[in-house]
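Secondary and tertiary structure notes
The residues making up each chain are set out below.
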Amino acid sequence: MKRYLSVRGGVGDLTKADTSVRPQDNLYLAVNSAWQKNATIPADRTEIGVNTEIDMRIEKRVLADLDELASKKDKIDVPNLDKAIDLYKLAKNFKKRDADGAEPIKKDLRALESLTSLKELNKGIKHTNLDEILANPQNLPFSFEVEADMKNTKVNVLEFAGPGTFLPDTTSYKQADAPKLLTILSEQTIKLLTMAGVNKKDAREYVKNGLAFDQKLAKVVKSTEEWSDYPACYNPVSYEDFVAEFKTFDMAAALQKVLPIKPKQIIVMEPRFLEHAEELINENNFAEIKGWMIMSFISDHAHLLSQAFREAAFPFNQALTGQGELAPVNRHAYYIANASFSEPMGIYYGKKYLGADAKADVTDMIHKMIKVYESRIKENTWLSEATKQKAITKLKALVLKIGYPDKQEKIYDLLQIDPNKSLYENERNLEKVVVKYNLDQLTQPVDRTVWLMPGNMNNACYDPQRNDITFPAGILQKPFYDIHQSRGQNYGGIGATIAHEISHAFDNNGAKFDEFGNMKNWWTKEDFAEFNKRTKAAIDIYDGLQYGPAKLNGKQVVAENIADLGGLTCAIQANKIDHGDMKELFENYARSWAQKQRPEAIKTEIAVDVHAPQPTRVNIPSQCQDEFYETFDVKPSDGMWLDPEKRVRIW
C-alpha cells in the first residue's frame, strides 16, 4: 500500500524502510522509515503509532490498577471511582452476560416494535416518559443538547440537530463501496434482531425500512465538512417557530415532557434538517422511521450483551476500520467504565502518574508559549494595531487546565451502579441520568470549570466558548513530553502541541470568538479579509492530496491545519529563546506523529476526521518553516523544497 505525501516528487511508500531517505526529501520518512517497516498493527486495533502506543501504555496502567482495586475492599480516596470499578466488574462478568443473552433488552425492543404510528407515539409522549417508550431518547431521529450560548457564554441554551447516518459521513454514500457496506450492515442487523427474538421476516422489513429512511437522512443532514464550520451552527429560532415546523410529530409535547422550562428560543445547528423536518418525520414515513429506530437501538446496545452479540455486531465496524478482531474482554470493560466515569478515572490517573515537577514544568512551557505568541502578534506585519490589541487581550485571558481537574463535575455524584442488574440496565439508567442532567442545565449558569477531557486521555484541546486549553496527564509523556528530554525534543513534541491549541483561538473558527468565548467580530474588515486569504492558502495546500485510498478535503481539515502551522512556528521560536537544538525539535516533531493504519481505517478517518493524516501533519508544516530549510540545508532540488511564496504563514 502506498501513501502519498505532500513532498516534491509526490510519492512516499511508508511500508518501505529506506534509511537512506533524507530529511531534505521527506522528513517524515527520514525519521520514521525504519519504525514503519517493523511496526505491526495489533489484530484488535486499527492502527499503530506513537499515539496508539501511549494509549496502550495508559490502558495497561489503568487496567492493572482496576483489577487490583476490584480485588480489594479498601476505601478509595477518589470520589466515585468505586462506581467505575463496579461497572468495570459488571462489564467483565461474561458468565452472567452470556447467561442473560438478549433478555436485558427484550422489554425495550418490544416497546419499539409495538409502535404502529406517529399518532400513537404522540399519545404516549403526553402520558409517559419519552425514554420509557424508546429506551433512550437519542434513538429518535433528531437530538437535543444544552450548551453555552455562543453569543452569551454565561447562559446555557438548547441546541437542536439531526441524527447521524449509518455510514460514517454523508459523502460515504457517494463512494463505490457504499452498497457493500450497507449490505454488511443489513445482514448484521438482521442477525442481531433475530438473536434478540425478532421474527426474521419482521427483522428484514425493519432493516429495509430503516435503510430507506437513512438514505433520506443522508440527503439532508450535515457532512463533516459542514460541521467543521462551527460558527455556522448558531441559528436561533423562536420556540414557537421551531415547534411549528413539526406538523405531525408533537414536538411541543415532547419538549414539555423532558425540559425543565420552556425556552424562548432554540439554537438550530442544522437549519436544512429543520426545513425538511415534516418531509422526513410524518405518518407516511412512520414504518421507515420505526425501522431506523430499531436498527439504531440494536446496533447501539449489542455490545452490552453477551459475547455472541459482541461478535455478531462486529462485521460492520470491521468493514469500516479493517480491525482484525474484537478488543479483549478486559479492555472492552475498561472502555465501558471509562465512558461513564472518565473524570473520576482521569483524576485517579493524574494523581498517580503525573508528578508535581512535570506539571510545573509543562505549566512553565505553556506560559512561555503564550509570551511567544504575544510577541508574534505584536510583530505581525499584516494585522492592524486595533486587531492586534484584541488578539492579545484574548490570548492573556486564556484559561489553563493541566493534568486533571481539582473537582469533579456534579453529574458523577448522581450516577449509580446496581450490581444486581444487568450491564444493559445499568447503562440505560446511566444514560437517562446523563440526558436529564444535561437538559436540566437549561436552568443553570454555565460552569466554566468543567473539563472537556479527562486526565487519562492522550489528547489536548481548545474550547472556543470557554477560551481555555486543556492538557490532560495522559499526553504528558514521551515522546511528546518528558522532564528528562532536551528542550528541543520537548518543544518538538508538547511545545508544538501547546502552541497548536493556542492557535485554535485564532483559527478560522476560533477567530470569530472573543476573550469571553462569545461569538463576536473583533477584527477590522481589512484584517479579516487578509486572514481569509491566508486561510484559503492553508486549504489549498492540503486539498485533493491523495493519501492511501482517499483524497483530503482541504476545507474539512483547515482549522486543524492552521493550528499545526501556527503550533510548529511558535514552538520553533520558543526553542530559539531557550537555545534548544533545532534538529532535535524537527526530528521529535516527526517522531511524535509516527503512524501506520489499515487502509479501511484511513478511508473512514478521512471521511469523518477534521485532522489531516499524521504524516502530512509532519511534512507540510515543516515545509512552511524557514528554519527547516536552514537546519537541514534544503535546496530547490530537494523533495521537501517549497518555493518561499507558496509557504503558508498565518501565525
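Now for a description of the structure that goes with this document. (Residues numbered from 1 in each chain as written. Predicted model: local features only at pLDDT ≥ 70, side-chain atom pairs only at ≥ 80, totals over all residues. Heavy atoms only, no water.)

Moving on to helix H8 (residues 178–195). Here H8 spans 26 Å end to end across 18 residues, near enough to the 26 Å set by a 1.5 Å rise per residue. Those residues of H8 that sit buried are Ala-178, Leu-181, Leu-182, Leu-185, Ser-186, Gln-188, Thr-189, Ile-190, Leu-192 and Leu-193. Tucked inside the fold, the buried residues of H8 contact helix H5 (103–114), helix H9 (200–218), helix H15 (286–301), helix H16 (307–312) and helix H17 (315–321). Within two residues after H8, Gly-197 carries a phi angle of roughly 100°, on the positive side. (Helix = DSSP H or I, 4+ residues; strand = E, 2+ residues; numbered from the N terminus. Expected span 1.5 Å × (residues − 1). Buried < 20%, exposed > 50% of the residue type's maximum accessible area, 1.4 Å probe, protein only. Contact = heavy atoms within 4.5 Å.)

With that settled, the discussion passes to the packing of helix H1 (residues 27–38) against helix H27 (residues 582–591). Two numbers describe how H1 lies on H27: the axes approach to 9 Å, and their chain directions differ by 65°. What the angle tells us is that H1 and H27 run roughly perpendicular. Handedness of the crossing formed by H1 with H27: right-handed. The segment H1 lies against H27, with Leu-27, Tyr-28, Val-31 and Asn-32 engaging Phe-586, Glu-587, Ala-590 and Arg-591. Taken together, the residues of the contact of H1 with H27 sort by class into five nonpolar, one polar and two charged. (Axes fitted to C-alpha atoms, helices over the stretch in contact; angles between N-to-C directions. Parallel < 35°, antiparallel > 145°, perpendicular 65-115°, else oblique. Left-handed = near helix turned anticlockwise from the far one by under 90°. Nonpolar A, V, L, I, M, F, W, Y, C, P; charged D, E, K, R; others polar.)

In this section: the sheet that holds strand S8 (residues 468–472). Reading across from one edge, S6-S8-S7 is the order of the three strands in this open sheet, with mixed pairing throughout. The two strands at the open ends of the sheet, each matched to only one other strand, are strand S6 (399–403) and strand S7 (461–463). Mean inter-strand twist for the sheet, computed between neighbouring axes without regard to direction, equals 15°. Across three bridges, S7 lies against S8 in antiparallel orientation. Counted as the bridge partner of Cys-461 is Thr-470 from S8. (Pairing = 2+ DSSP bridges.)

A few words on the environment of Gln-597. The residue Gln-597 is located in strand S11 (residues 595–597) in this model. Judged by relative accessible area, Gln-597 falls into the buried class, the value being 3%. In the structure, Gln-597 is positioned 353 residues away from Ala-244 in sequence and 47 Å away in space, judged by C-alpha atoms.

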